[in-house]
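Summary of the model geometry
Spelled out from the first residue to the last, the chains are:
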Amino acid sequence: MLFMKPIQFLKNKFRKSRKASWNKAYDAPINRKAEKAYENLVAQNPDYKCSAAQTKKITEYSKEVLGSSAFAPWLKVYTAYQGEFKEGWMPDNYFGRVVCPKINGEFRRLGDLKTLSKRILQTDTIPDLAYYINRVWTSVEGEILVKSNLTNFFFSEREYVFLKKNYSLQGNGIIKLNRESFENLDFQKLGDFVIQEPIQQADWFDQIVTGSVATLRITTVKLIGEKAKNRVSQLRVGRISNEYIKTKDCLRIPIDRQTGTFYPRAFGSDFTIFEKHPDTGYSFEGKILPEHEKAVRLCEKLHDQVGMFQIIGWDVAINQKNEIQIMEWNTDHPGVVFSEMATGPHFQGLGWENLLV
Amino acid sequence: MVRGIFRHRFMSLKQTVKNKIKAHRQKKWSKDFDLQINQKEKKLYQSLISQDKSRMVLPMQEKMIRQYSMDVLGSLDFVPGLKSYTAYSREFKEGWIPNNYYGRVVLPSIKGDFCCIDNLKTHSKRLLQTDLIPDLAYCLAGDFMLTDGTKVCENELERILFEVNDFVFLKKNNSMRGYGVIKLDREKFKNCDLNSFGDFVIQSALTQHQFFENIVSGSIATLRVTTVKAKGVLTKNRLSSLRVGRYGDEFIRDTTTLVVGVSPNGFLSENALGENWEMYPAHPDTGYVFKDQQIPFFELAEKVCEDLHDKLGLTGIIGWDICITPNGSVQILEWNAQYPGINYSEALVGPNFNGLGWENLWK
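Residues numbered from 1 in each chain as written. Chains lettered and ligands numbered in written order. Predicted model: local features only at pLDDT ≥ 70, side-chain atom pairs only at ≥ 80, totals over all residues.

Here's the deal with the overall build of chain A
Stated precisely, the cut-off is as follows: Note on conventions: DSSP H or I runs of at least 4 residues are helices, E runs of at least 2 residues are strands, and numbering of each starts at the N terminus. Just to be clear, the radius of gyration here is over C-alpha atoms, and the globule rule we use is 2.2 Å times residues to the power 0.38. Three exposure classes are used, based on other C-beta atoms lying within 10 Å of a residue's own C-beta, which is placed from the backbone: buried for 20 or more, exposed for 12 or fewer, and partly exposed in between. Whether two residues are in contact depends on their C-beta atoms, placed from the backbone: they are in contact if these lie within 7 Å.
Along chain A, the regular secondary structure elements total 9 helices and 12 strands. For a compact globule of 357 residues, the expected C-alpha radius of gyration is about 21 Å, and chain A comes in at 22 Å, within 12% of that figure. Projecting the C-alpha coordinates of chain A onto the three principal axes gives extents of approximately 65 × 65 × 40 Å. Every one of the 357 residues in chain A was classed for burial, and the buried ones make up 42%. Residue pairs in contact within chain A that sit at least 24 positions apart in sequence constitute 63% of those at least 6 positions apart.

Comments concerning the overall build of chain B
Secondary structure summary: chain B contains 10 helices and 13 strands in total. Viewed in the frame of its principal axes, chain B has a C-alpha envelope of about 75 × 70 × 40 Å. Counting every position in chain B, which comprises 363 residues, the buried fraction comes to 42%. Excluding contacts between residues fewer than 6 apart, the proportion of contacts in chain B whose partners are at least 24 apart in sequence is 62%.

Let's talk about the packing of helix 2 (residues 52-64) of chain A against helix 3 (residues 72-82) of chain A
In a pair of packed helices, the angle between the axes and the distance between the axes together describe the arrangement. All names here are of chain A. Defined as follows: With axes taken as lines fitted to C-alpha atoms, and helix axes fitted only over the stretch in contact, angles between N-to-C directions fall between 0 and 180 degrees. Here is the rule for angles: anything less than 35 degrees is roughly parallel, anything more than 145 is roughly antiparallel, 65 through 115 is roughly perpendicular, and the remaining ranges are oblique. Crossing handedness: left-handed means the near helix sits turned counterclockwise from the far one by under a right angle, and right-handed means the same turn made clockwise. Basically, the charged four are Asp, Glu, Lys and Arg, the nonpolar ten are Ala, Val, Leu, Ile, Met, Phe, Trp, Tyr, Cys and Pro, and anything else, Gly included, counts as polar.
Close contact between helix 2 and helix 3 brings their axes to 9 Å; oriented N to C, the two are set at 140 degrees. The angle between helix 2 and helix 3 falls in the class oblique. For the crossing formed where helix 2 meets helix 3, the hand is right-handed. Judged by residue contacts, Gln54, Thr55, Ile58, Thr59, Tyr61 and Ser62 of helix 2 engage Ala72, Leu75, Lys76 and Thr79 from helix 3. The residue makeup of the contact of helix 2 with helix 3, split by class, is 4 nonpolar, 5 polar and 1 charged.

Focus: the sheet that holds strand 13 (residues 330-336) of chain B
Residue and element names in this part refer to chain B. Note the cut-off: DSSP calls a pair of strands paired once it identifies at least 2 bridges connecting them.
With antiparallel pairing, 7 strands are arranged side by side in an open sheet as 11-10-9-8-7-12-13. Two strands close off the open sheet at either side, each with one partner strand: strand 11 (279-280) and strand 13. Both strand 8 (residues 236-244) and strand 9 (residues 258-262) contribute to a ladder of 5 bridges, which runs antiparallel. Looking at the pairing, Ser240 lines up with Val262 of strand 9. Of the strands in this sheet, strand 7 (222-228), strand 8, strand 12 (317-324) and strand 13 touch helix 9 (residues 298-312), which is tilted by about 45 degrees from strand 7.

Description of the confidence of the model for chain B
For clarity, the threshold we go by: Every residue carries a pLDDT, the predictor's confidence in it, which falls somewhere between 0 and 100.
Confidence along chain B averages 92 in pLDDT terms, with 98% of residues attaining 70 or more. Confidence metrics for the complex model read pTM 0.90 and ipTM 0.84.

Section: the environment of Thr55(A)
Structurally, Thr55(A) can be placed in helix 2. Residues within four places of Thr55(A) in sequence aside, it is in contact with Cys50(A) and Lys76(A).

Regarding the sheet that holds strand 6 (residues 200-204) of chain B
Residue and element names in this part refer to chain B. With respect to topology, 6 strands assemble into an open sheet ordered 3-2-1-6-4-5, the strand pairing being antiparallel. On the outer flanks of this sheet lie strand 3 (151-152) and strand 5 (181-185), each paired with one strand and no other. Here 2 bridges tie strand 2 (residues 143-146) to strand 3, and the two strands are oriented antiparallel to one another. Bridged to Met145 within strand 3 is Lys151.

Concerning unusual backbone geometry
Of note, the bond from Gly344(A) into Pro345(A) is cis; its omega dihedral lies within 30 degrees of zero at 10 degrees. With respect to the helices, strands and loops of the structure, Pro345(A) is situated in the segment after helix 9 (337-343). The linkage connecting Gly350(B) with the following residue, Pro351(B), adopts the cis geometry, with an omega of 5 degrees. The phi torsion at Phe297(B) lies on the positive side, around 60 degrees, for a residue other than glycine. Relative to the helices and strands, Phe297(B) resides in the loop between strand 11 and helix 9. Judged by the 20 C-beta atoms lying within 10 Å of it, Phe297(B) is buried.

Quick word on the nonpolar core
As a rule of thumb, nonpolar side chains are buried together in soluble globular proteins. Our working rule: Here a nonpolar core is just a set of buried residues of the types Ala, Val, Leu, Ile, Met, Phe, Trp, Tyr and Cys, joined wherever their C-beta atoms sit within 7 Å.
Formed by 147 residues in total, the largest nonpolar core has its most connected members in Val77(A), Ala295(A), Val316(A), Val260(B), Ala301(B) and Ile322(B). Ranked by the residues each element gives to this core, the list is headed by helix 3 of chain A, at 7 residues.

Topic: the pairing of strand 8 (residues 251-255) of chain A
Residues and elements named next belong to chain A. Counting buried residues in strand 8 gives 5 out of 5 residues, a clear majority hidden from the surface. By the alternation rule, side chains of strand 8 split into Leu251, Ile253 and Ile255 and Arg252 and Pro254, which are all buried. With 5 bridges connecting them, strand 7 (residues 229-237) and strand 8 associate as antiparallel partners. Among the inter-strand pairings, Arg236 is bridged to a residue of strand 8, identified as Arg252. Relative to strand 9 (residues 266-268), strand 8 runs antiparallel, the two sharing 2 bridges. Of the residues in strand 9, the one forming a bridge with Leu251 is Gly268.

Focus on the interface of chain A and chain B
Facing 22 residues of chain A, the contacting portion of chain B comprises 21 residues. Of all the secondary-structure elements, those providing two or more residues to the side of chain A that touches chain B are helix 5 (114-121), strand 2 (136-139) and helix 8 (292-306) of chain A. By residue number, the principal contributor to the side of chain A that touches chain B is helix 5 of chain A, which donates 4 residues. Of the residues that constitute the side of chain A that touches chain B, the class distribution is 8 nonpolar, 8 polar and 6 charged.

Some remarks on helix 2 of chain A
Applied cut-off: Multiply 1.5 Å by the residue count of a helix minus one, and that product is the helix's expected span.
For helix 2 of chain A, with 13 residues, the first-to-last C-alpha span of 18 Å sits near the 18 Å given by 1.5 Å per residue. Residues of helix 2 of chain A that are buried sit in contact with helix 3 of chain A.

Comments concerning the confidence of the model for chain A
For chain A, mean pLDDT is 93; residues scoring 70 or higher make up 97% of the total. Across chain A, the secondary-structure element scoring lowest on mean pLDDT is strand 2 of chain A, at 90, and the one scoring highest is helix 3 of chain A, at 98.

Overview of the domain arrangement of chain B
All names here are of chain B. Basically, it comes down to this: The start and end points of each domain follow an automatic or database-based domain assignment.
Domain boundaries in chain B define domain 1 (25-110), domain 2 (115-119 + 208-353) and domain 3 (135-204). Taking the mean C-alpha position of each, domain 1 and domain 2 sit 23 Å from one another. At the junction of the two partners, domain 1 supplies 19 residues and domain 2 supplies 14 residues. For the side of domain 1 that touches domain 2, the secondary-structure elements that each account for two or more residues are helix 1 (2-51), helix 3 (79-89) and helix 4 (99-110). Looking at side-chain class alone, the side of domain 1 that touches domain 2 contains 9 nonpolar, 8 polar and 2 charged residues.

Details of the packing of helix 2 (residues 59-71) of chain B against helix 3 of chain B
Residue and element names in this part refer to chain B. Where helix 2 meets helix 3, the closest approach of the two axes is 9 Å, and the angle between their N-to-C directions is 140 degrees. For the element pair helix 2 / helix 3, the angle class is oblique. Regarding helix 2 and helix 3, the two cross each other, and that crossing is right-handed. Residues Gln61, Ile65, Arg66, Tyr68 and Ser69 of helix 2 form the contact with helix 3, whose own contacting residues are Val79, Leu82, Lys83 and Thr86. Per-class residue counts for the contact of helix 2 with helix 3 are 4 nonpolar, 3 polar and 2 charged.

Overview of the environment of Pro345(A)
All names here are of chain A. You can call Pro345 partly exposed: it has 18 C-beta atoms within 10 Å. Between the alpha carbons of Pro345 and Trp89 there is a distance of 4.7 Å; along the sequence they are 256 residues apart. Excluding residues within four positions of it along the chain, Pro345 makes contact with Lys86, Gly88, Trp89, Met90 and Glu340.

A closer look at the environment of Ser69(B)
Here Ser69(B) shows up in helix 2. Distance in space between the C-alpha atoms of Ser69(B) and Thr86(B) is 13 Å, their sequence separation being 17 residues.

Rendered as structure tokens:
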């Protein structure tokens, strides 16, 4: 019995040390991005540099409220951009390793299963055509598809389709296929995936940039007993060379979540600030996104119906018929840094800053 | 440069130590896992031979079991499970999967990442995309809603539920094997605090086919179909059993249930087994004799489960609990993707998993 106590003490010490190592490894790349973001902001305008007083406040808040100085780097980026420190901000690593696991629970990676998204969300707004599950093809209606009919099934009415693998995110794991590339692809190496109809975006978006489909990111929060509410709206547009939006090379335009109006400045993936699209010269200020309200209502309704998660990041598109289509839903770690920086804090009053206490 | 070499060697050593710790931890976990299961297997073996001494495993059979366990399955830790199967069958059969081999070798290889989503009874209907689950309403994050997504208040819910039902079943998320299931009539529904249950589903009561009523009435007999989805082939049912209750049971519970084996053609096995493998050639309360009775609509039940598993994917094995109604409708009571049990049916009608290559998974 006496012998067990020291062993238990050592075990607890070991577990604590392992947790600390894991946290350190988790924070390191995220905070490196924060440091680069801060450097880039200051390089664009030295006025963005945080004062000593602000830095002190950030460090104090990070330690006393959020529980660790490891959360300071992103607070510094937010403060630098807005010119003042604000309580309630969510640093990316705090959000990712403290908030999301707690509020979204053990199934938070469910949004990664693209083969099940349509049935979980119970919506026709996801443009699925067929699924490849454990090397068996099935249509959306559930019919087993014979291999010899596949090319005709997909390409009799369209020139290309998009293949999206399970567990793919941020544009990775997406393959654009025409008839020829489809026939030559070795599907067995890809795991499970969905084949989706290409979305033709509404003409309104072509004035910003053509090529990729502009993606409206809506972030809904649902508390117990309350309706889901949108907290953040943001439009992502690609560069002129992109076939589809890639997280590492796109522009993010903050949008007023009440009115759908664009804010005057957009941000590149490296935090470069743009008042106009660098490839087309499109100016952002004052533009109003069409169907913004409709998109928000749809996401709020779907979040209400699915329950399960407290926060969902929705990627939606508006098509040629002005219908809303869901491209992705993110329940693991919806991105918050750009919106927190530009127009936040967006998650005040939810108690999320107290989760480590 | 010297510092770089030293650092590299230190990192390699650190990684080696980490790997050793991991391997040791895995070995310890496996040992604890086997101990727990094998303690039960030894009790089951003792129970079988105490009921019938002639089922005692002979020295020659013991030798075959030990050889098979070591050469084919890779360890002597699987002997107790094979021994209890052999005692029941009176002969050793190749291809058997002992419970601990299944739990720590097979399942980790074939289970999907999200199989614990079977705990979410509130989402089963939409996940499986079927009308064959008798859901009436849900409580999700404090909201009450009908199966079409219409939100309702508590009073409206009460009115809708008890307009046509005398009683309903409330099933909490993360409930299984009858626990977390509450039978509610209108009075009980009014008096219970619905907000204290977390998320839950409300289901209609089911009536079972006369075939099952003849075995025993009171609880719904549960046909277990276990579908296996191997890569590149359509899903197949591999293992079936029938669980029946005892007089006085409102629903099937682990401790009182009897498990009857079901052959690939839907015929009941000679015996049912109790919790400690007490053998019953007839139901102890009604005298119903199990042998040679064929389950009605068995093929249909298999087809339903195989189709649903094909379209769902998610995991390599699912255990489906089915009720067959008087008009032959197949209703899904539960689905188990985390640890669908196999050991009763392996003994009663197995081996059930030949040809899947599971005996090679440990290599």
